[in-house]
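Listed below are the residues making up each chain.
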Amino acid sequence: LDPDIEMMYWNAFNLMRQCMLPPEGECSYNYYVFSREPSWGWGHGGQVFHESLAMLAYVFMDSLSAINSQRVYMERQWENGYINYRTGPYLDETIPYGDQYTTSAPWFNWENWEIYKLAKDTLFLKDAYKSGKKFYQFWLENRDADSDSLCEWGAHAVLECVRDGQVAVWDQVGWPSNFEGLDLNCMLVNEAKSLAKMAQALGYSNEAQSWSGEAQSRAARINQSMWDPESGFYYNIDKADHDFSFNNPNDLKRMEIIGFLPLWAGIASPEQAQQLVQHLQNQYEFMRKYGVPTLAANDSYYNPMGYWNGPVWVQWQYLIFRGLLRYGYVEEARQLAGRVFENVIYQLKTNHWFWELYSPDDNRAGWNKTYIWAGIVARMVLDLQNPAVGMDKPNPGTVVKGYGLEQNYPNPFNAATTIRFQIPKTSRVSIQIFDLNGREVLTLTDRSYSAGEHLISLDAGRLSSGVYYYRLVTDGYSQVKKFLLVK
């Protein structure tokens, strides 16, 4: 590793470890405070899901501690599935608002599944699945006021949605509960996908298929109503009539960071993903010097050191990063990570702090120090060593009826691409790369694979620009496709 990145990597684990505390009070398990900054009392309040994204990195350091941190939520869960907004040894923060209690953005099942993949603790998986099913059901029963199978933020919706200040739509259009939440419904798709994977791992095949169907149905509704083909972007929609207008025509069409969540959740088609990446790569909109701002830089409400109207929040950079990997945009993911790392490293070398947020445009950071979620940069470093970890996988329960080789994606490409194939039974598979003259230049894989769909990442670093063919051979079946490498 680059010495500066290695320094950041180890300091990230140091940060997360310092925030983890032993059991006390109402916590039967170790828990974390999201900041150890002694002058900032709120930082000692306890855990919340959006900060627990840091457990996806911390699990590499101490898998049992990461598991136990998640168990803090499980032991405090209500019978109806509700989990309070913030949970600590002396805190059950429910934030009553109207006739509802505030919870927090649903990353719970995804976090549990990601932790299990590394910890391989089946007892934890069983408990997490039981708790996660109840939590998902809570959202369906309490955050779909118009019963249209799309959910909206509820209770104190500004807090519940995580983006709790200086949000363009909240401040200039309306209160979050007025809208079907793009971000919330993307999260619920990934929660259902995670529950499907848990069910499959536990041997509950019928439940896995049911959860996969739930995820696919919600994803279809998102694409039907929240995708705007005119601008090539996703937005919140008016709850009353499912359009992009609330007070004024198209006033919900504000390009916010949530528009990229369909990449992370695997909702976008390859064509939609390509349009999203074009917006992401546009320096006048989102690809700034030090990462992706929370609001497009060409929006009049943009402020690089505001709150949710410009600054870089590292945990959201990770969601976009994973979305890029999911669709095979490996080089773009590397570029994003590099930009984020540069400002994080600058701050560490200048003032020795991890920060709550960072400027996308210059070497500034704020507002509070030692935020645990900034530790997610360590996971970005690890994922870059194995980009396939974030790539899209088929839903559990998918039945493969024949052999197939799909077109690589993206194509054309300039550094890395992904090839998907499927086989109906366990077989030896060979995929070879040939140049235009028919000479073999690379054997991408030659081994046994189980029945199902599989993804292979091709790093074309040693190949020169040009047209190439790739051929799959297995069990007497052969198929050839071609790709264009442009450097």
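It should be noted that the structure appears before, not after, this text.
Here the structure is a predicted model, which means the values were calculated and not measured.

Cut-offs and rules
Residues numbered from 1 in each chain as written. Predicted model: local features only at pLDDT ≥ 70, side-chain atom pairs only at ≥ 80, totals over all residues. Heavy atoms only, no water. Helix = DSSP H or I, 4+ residues; strand = E, 2+ residues; numbered from the N terminus. Buried < 20%, exposed > 50% of the residue type's maximum accessible area, 1.4 Å probe, protein only. Lys, Arg positive; Asp, Glu negative; His and termini not counted. Salt bridge = Lys/Arg side-chain N within 4 Å of Asp/Glu carboxyl O. Polar contact = N/O pair within 3.5 Å; in protein donor to acceptor, adjacent residues only side chain to side chain. Contact = heavy atoms within 4.5 Å. Expected span 1.5 Å × (residues − 1). Pairing = 2+ DSSP bridges. Axes fitted to C-alpha atoms, helices over the stretch in contact; angles between N-to-C directions. Phe/Tyr/Trp six-rings, centres within 6.5 Å; stacked < 30°, edge-to-face > 60°. Lys NZ or Arg CZ within 6 Å of the ring centre and 35° of its normal. Parallel < 35°, antiparallel > 145°, perpendicular 65-115°, else oblique. Left-handed = near helix turned anticlockwise from the far one by under 90°. Nonpolar A, V, L, I, M, F, W, Y, C, P; charged D, E, K, R; others polar. 1 Å grid on protein atoms, 1.4 Å probe; cavity = no way out; pocket = protein on both sides within 12 Å on 5 of 7 lines; lining within 4 Å. Points joined across faces, edges and corners; volume = space filled by probe spheres on them.

Checked against the element boundaries, Asp144 lands in the loop between helix 6 (122–142) and helix 7 (157–160). As a buried residue without a salt bridge, Asp144 has its nearest oppositely charged side chain in Arg218, at a separation of 6.3 Å. Within the local environment of Asp144, its side chain forms a polar contact with the backbone nitrogen of Ser149, the two atoms lying 2.9 Å apart. In contact with Asp144, not counting residues within four places along its chain, are Trp139, Ser149, Leu150, Cys151 and Glu152.

Another aspect to go through is helix 9 (residues 182–201). Because each turn of an α-helix spans 3.6 residues, side chains separated by three or four positions in sequence point in the same direction. Under the 1.5 Å per step criterion, the end-to-end length of helix 9 is 29 Å for 20 residues, consistent within 8% with the ideal 28 Å. Within helix 9, 17 of the 20 residues are buried, which leaves the element mostly enclosed by the surrounding structure. Positioned one or two residues after helix 9, Gly203 has a phi angle of 90°, which is positive.

All told, the structure shown has 24 salt bridges when counted by the stated rule. With a closest N to O distance of 3.2 Å, Arg428 and Asp446 form a salt bridge. Of the two residues, Arg428 is situated in strand 15 (residues 427–434) and Asp446 in strand 16 (residues 440–449); the sequence distance between them amounts to 18 residues. Within the structure, one salt-bridge network assembled from shared partners comprises Glu114, Lys117, Arg322, Arg379 and Asp383.

Before going further, it helps to examine the sheet that holds strand 16. Across the sheet, which stays open at both edges, the 4 strands sit in the order 16-15-18-19 with antiparallel pairing between neighbours. Looking at strand neighbours, the two that pair on one side only are strand 16 and strand 19 (477–485), the edges of this open sheet. Across this sheet, the average inter-strand angle for adjacent strands is 15°, counted without regard to direction. Both strand 15 and strand 16 contribute to a ladder of 8 bridges, which runs antiparallel. Bridge assignment links Ile431 to a residue of strand 16, and that residue is Thr445.

What follows covers the packing of aromatic side chains. As enumerated under the stated definition, the model contains 40 aromatic pairs in all. Between Phe179 and Phe246, the aromatic rings sit 5.0 Å apart at their centres with planes inclined by 80°, giving edge-to-face as the arrangement. Of the two residues, Phe179 is situated in strand 7 (residues 179–180) and Phe246 in the loop between strand 10 (237–238) and helix 11 (261–264); the sequence distance between them amounts to 67 residues. On the basis of relative accessibility, which here comes to 31%, the residue Phe246 falls in the partly exposed class. Over the ring of Trp139 we find Arg143, and its NZ or CZ is 5.9 Å from the ring centre.

Judged by pairing direction, the sheet is antiparallel, and its 3 strands sit side by side in the order 13-14-17 without closing on themselves. A strand with exactly one partner marks an edge of an open sheet, and here the two such strands are strand 13 (404–405) and strand 17 (452–459). As judged from the 8 bridges shared by strand 14 (residues 416–423) and strand 17, these two strands associate in the antiparallel manner. Within strand 17, the residue paired with Arg420 across the bridge is Leu455.

In this section: the packing of helix 9 against helix 10 (residues 205–225). Following both chains from N to C, one finds helix 9 and helix 10 inclined at 160°, their axes separated by 7 Å at the closest point. By the angle class used here, helix 9 and helix 10 are roughly antiparallel. Seen along the crossing, helix 9 lies across helix 10 with a hand that is left-handed. Contacts between helix 9 and helix 10 pair Leu182, Asn185, Cys186, Leu188, Val189, Ala192, Lys193, Leu195, Ala196, Ala199 and Gln200 from the former with Ser205, Glu207, Ala208, Trp211, Ser212, Glu214, Ala215, Arg218, Ala219 and Ile222 from the latter. Here the contact of helix 9 with helix 10 is composed, by residue class, of 13 nonpolar, 4 polar and 4 charged.

Now for the side chain of Asn185. In this fold, Asn185 is placed in helix 9. Within the local environment of Asn185, its side chain forms a polar contact with the backbone oxygen of Gly181, the two atoms lying 2.7 Å apart. Polar side-chain contacts of Asn185 include one of 2.7 Å to the side chain of Arg218. If sequence neighbours within four positions are ignored, Asn185 has contacts with Leu150, Cys151, Glu180, Arg218, Ile222 and Met226.

What follows covers the environment of Gln18. Along the chain, Gln18 falls in helix 1 (residues 3–19). Sequence separation of Gln18 and Ser35 is 17 residues, and the distance between their C-alpha atoms is 9.0 Å.

In this section: empty space enclosed by the protein. Picture a little ball the size of a water molecule; that probe, rolled over the atoms, points out where space is still empty. Taken as a whole and assessed by the stated rule, the structure comprises 2 cavities of 30 Å³ or more. Approximately 90 Å³ is the volume attributed to the largest cavity. Residue lining of the largest cavity: 14 residues in total, with His50, Asp164, Tyr307, Tyr371 and Trp373 positioned closest to the centre. Each residue belonging to the lining of the largest cavity can be placed in one class, and the counts come to 9 nonpolar, 1 polar and 4 charged. The volume enclosed by the second largest cavity comes to roughly 30 Å³. What lines the second largest cavity is Phe233, Tyr234, Tyr235, Asn236, Leu252, Arg254, Glu256, Ile258 and Gly259.

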